[in-house]
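If you want the building blocks of each chain, they are given just below.
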Amino acid sequence: MLDKRFIRENPDAVKEAVRVKGVDLDVDELLQLDRDTRKLQFEVDEAQARRKSFAKEFAKADEARRAELRAEHAEFDRQLKELREQLARTSARLSELMLLTPMIPWEGAPVGPDESANVVIRTVGEPPKFDFTPLDHVELAERRGWAEFARARRVAGERAYALVGDLVLLERALHSYALDVLRARDFTPVSVPALVKEAPLVGSGMLPKGREEIYEIPADDAYLAGTAEVALVGLHSGEILDRSRLPIRYAGISPCFRREVGSASRDVRGLLRVHQFEKVEQFVLCEADPAESARWHAELLATAEHILTELGLHYEVVECSTGDMGLGKFRMNDINTWFPSLDRFRETHSCSSLHDWQARRANLRYRDADGTVRFVHTLNNTAVATPRLLAAILENFQTADHRVRVPEVLRPYLGGRELL
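Comments concerning the overall build of the protein chain
Phase 1: Helix and strand content of the protein chain: 12 helices and 16 strands.
Phase 2: Principal axes of the C-alpha set define a box for the protein chain whose edges measure 105 × 45 × 40 Å.
Phase 3: Here the protein chain holds 420 residues, and 48% of them are scored as buried.
Phase 4: Of the contacts made within the protein chain by residues no fewer than 6 positions apart, 72% connect residues no fewer than 24 positions apart.
Phase 5: For the protein chain, the exposed area adds up to about 20100 Å²; of that, 49% sits on carbon and sulfur atoms.
Phase 6: Charge-centre separation for the protein chain: the mean point of 60 positive side chains lies 3 Å from the mean point of 69 negative side chains.

Some words on the state of the cysteines
Phase 1: All told, the structure shown has 0 disulfides when counted by the stated rule.
Phase 2: Cys 351 provides the cysteine sulfur closest to Cys 286, a residue in no disulfide bond, and the two sulfurs are 12 Å apart.
Phase 3: Cysteine Cys 351 shares no disulfide, and the gap to the nearest cysteine sulfur, in Cys 320, comes to 9.7 Å.

Points about the environment of Asp 77
Phase 1: As for its position among the elements, Asp 77 is in helix α4 (residues 63-98).
Phase 2: The spatial distance from the C-alpha of Asp 77 to the C-alpha of Ala 47 is 9.1 Å, given a sequence separation of 30 residues.

Here's the deal with the nonpolar core
Phase 1: In this structure, Leu 170, Leu 174, Leu 311, Leu 389, Ile 393, Leu 394 and Leu 410 are the most contacted members of the largest nonpolar core, which totals 57 residues.
Phase 2: Element by element, the count of residues in this core is highest for helix α7 (residues 166-183), at 9 residues.
Phase 3: Apart from residues no more than four positions distant in its own chain, Ile 393 is found in contact with Leu 170, Leu 174, Leu 313, Val 404, Pro 407 and Leu 410.
Phase 4: In terms of nonpolar packing, the next biggest core, distinct from the first, is built from 19 residues, Leu 25, Val 27, Met 103 and Trp 357 among them.

A short note on the pairing of strand β10 (residues 276-286)
Phase 1: β10 sits mainly inside the fold: 9 of its 11 residues count as buried.
Phase 2: Relative to β10, strand β9 (residues 248-257) is paired through 10 bridges, and the arrangement is antiparallel. Note on β10: the bridge partner recorded for Ile 253 is Val 280.
Phase 3: In this sheet, strand β16 (residues 377-386) lies alongside β10 in antiparallel orientation, the contact comprising 9 bridges. Note that in β16 the partner of Cys 286 across the bridge is His 377.

Reading the values: the criteria
- Residues numbered from 1 in each chain as written.
- Predicted model: local features only at pLDDT ≥ 70, side-chain atom pairs only at ≥ 80, totals over all residues.
- Heavy atoms only, no water.
- Helix = DSSP H or I, 4+ residues; strand = E, 2+ residues; numbered from the N terminus.
- Buried < 20%, exposed > 50% of the residue type's maximum accessible area, 1.4 Å probe, protein only.
- Contact = heavy atoms within 4.5 Å.
- Areas by Shrake-Rupley, 256 points an atom, 1.4 Å probe, with all protein chains shown as cover.
- Lys, Arg positive; Asp, Glu negative; His and termini not counted.
- Charge placed at Lys NZ, Arg CZ, Asp CG, Glu CD.
- Disulfide = S-S within 2.5 Å.
- Core = buried A, V, L, I, M, F, W, Y, C linked by side-chain atoms within 4.5 Å.
- Pairing = 2+ DSSP bridges.

See the structure below:
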């Protein structure tokens, strides 16, 4: 959410952000509602002040004047009620539109409608070379008895999976390794709830847009979160943090749930696009300083690249376009990892800076050195997300006899095993 004053003073910039991000928002309607709301609030405030003066006049009046005042007061109360109702309607509509206002993207973002406009900024490593015909991760996992797909679908429907044996241990190793990397960088591990209320979803920007992607549990007035970011944004909602506590660095651990509506033909085989997965998320709250925010964006991105480099995976980093980055992003870089079976890269990490867009929605604040209360900046990036990253490891490190070489950094978590 943007600051209302910023929108009033920079309507053209907001309209341009709406255009390049492809947002369905009438900025002129928003500005008119803002004017109407302020005017109505002024009229309500004035009417309430007059109402107090009625009481004073009534106390001093004789009986004849009191009868007149009672009649006037009844009419006045009717008008005040109408004003309040009108203010409530106008404010509600304004709030709806405010939640749809996009963050102004940084000047370096490619302008385009979707991921087709993303720009590769670097490629690291080389794809593996095989002297045998490699299998995709589904065939390999099924040959080794490491996954149940058909049986899991009988239990939970399409895109369900069950990891078995060594693949479970490899998944645990990946998450343990990622947590150790983040702990070495002073991130605090936090195991957060996957079951959340609506407020943190609105605060993080997952609602009201994106409702079709979220699993809802109406009986409990709750939802299943698609990322630990939702709960991490909500943890400090409504608080005023002391500047000395910043930056706050969390390694959020959680199961994640996404409906994946509209992705029926995209990467649906095996473990690539599933409804439930596990993730360790990097999340930062920092001071409202663009330079500080940019520094943390670079650090979160570098940490994800460090993890992939240590795992020995071939990847590319892309600058995401305005139409692909989403409503609240100031800047977004995806990291795509190589999948031999697809002969292409697929997204495994997404690094995002949101400046104070989330903080305004979630009321995340701090008191700066001058004692001024300000909204924090928020950032997030994946550390590891499985099972997609598992699929990449299986495909890239398979052997001719259908085993898998364990990346060196994961061997300590698997009792020193070099092969699975």
